[in-house]
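Observations on the model geometry
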Amino acid sequence: TGEKSRRRLDIEEEIAARLAAAKALGELERQQQKIESTIIVLSTDIEAAKQERDRLKREQQTGREARRPDATPQRLPGLLPEHDSHAPEEDEGPDFGF
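The structure displayed is predicted, hence computed values, not measured ones. (Residues numbered from 1 in each chain as written. Predicted model: local features only at pLDDT ≥ 70, side-chain atom pairs only at ≥ 80, totals over all residues. Heavy atoms only, no water.)

**Structural notes on the overall build of the chain**
This is how the line gets drawn: The secondary structure listing takes helices from DSSP runs of H or I that are at least 4 residues long and strands from runs of E that are at least 2 residues long, numbered from the N terminus. For each residue, the accessible area found with a 1.4 Å probe, counting protein chains only, is set against the maximum for its type, and the residue is called buried under 20%, exposed over 50%, and partly exposed in between. For every accessible area listed, the method is Shrake-Rupley and the probe measures 1.4 Å; residues are considered covered only by the protein chains on display.
Looking only at helices and strands, one finds one helix and zero strands in the chain. Taken across its 98 residues, the chain has 1% of its residues classed as buried. In the structure as shown, the chain presents an accessible area of about 9800 Å², 56% of it carried by carbon and sulfur atoms.

Okay, structure coming up:
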């Protein structure tokens, strides 16, 4: 009977070791899945951050160009008359229709 008892203890120890190994393996698999999903989220966040950075750079460049002194609007030939024929001459004064 002592022999069976020893064998039973060995089997129980082996079962406990296998269960502990399975538990550890399951925990590692869960950690791996969590890390992989975090990597995906981070790579998406990085891509979104790069796009936002590029958008802000474009906005800043556009703002700088608008504030440049040489960026003043210029008169384009043919679009605006150089002289308004309906405007009163400086020496004539206003036209009241008399």
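**Topic: a nonpolar patch on the surface**
The following threshold applies: Each patch is built from residues that are more than 30% exposed by relative accessible area and take part in no salt bridge. Like charges join if they lie within 9 Å; nonpolar side chains (Val, Leu, Ile, Met, Phe, Trp, Tyr) join within 5 Å. Should a side-chain nitrogen of Lys or Arg be within 4 Å of a carboxyl oxygen of Asp or Glu, the pair is scored as a salt bridge.
On the surface, I11, I15 and L19 cluster together to form a nonpolar patch covering roughly 290 Å² of accessible area. Tracing the backbone shows I15 in helix 1 (residues 2-67).

**Here we look at the pattern of salt bridges**
Two side chains carrying opposite charge are able to pair once their charged atoms lie near each other. The full count for this structure, using the stated rule, is seven salt bridges. E14 serves as the salt-bridge partner of R18, at 2.7 Å between the closest nitrogen and oxygen. Within this pair, R18 and its partner E14 are both found in helix 1, separated by four residues, close to a single helical turn. Relative accessible area serves as the criterion here: at 42%, E14 is assigned to the partly exposed category. Each member of the salt-bridge network shares a partner with another, and the members are E52, R55 and E59.

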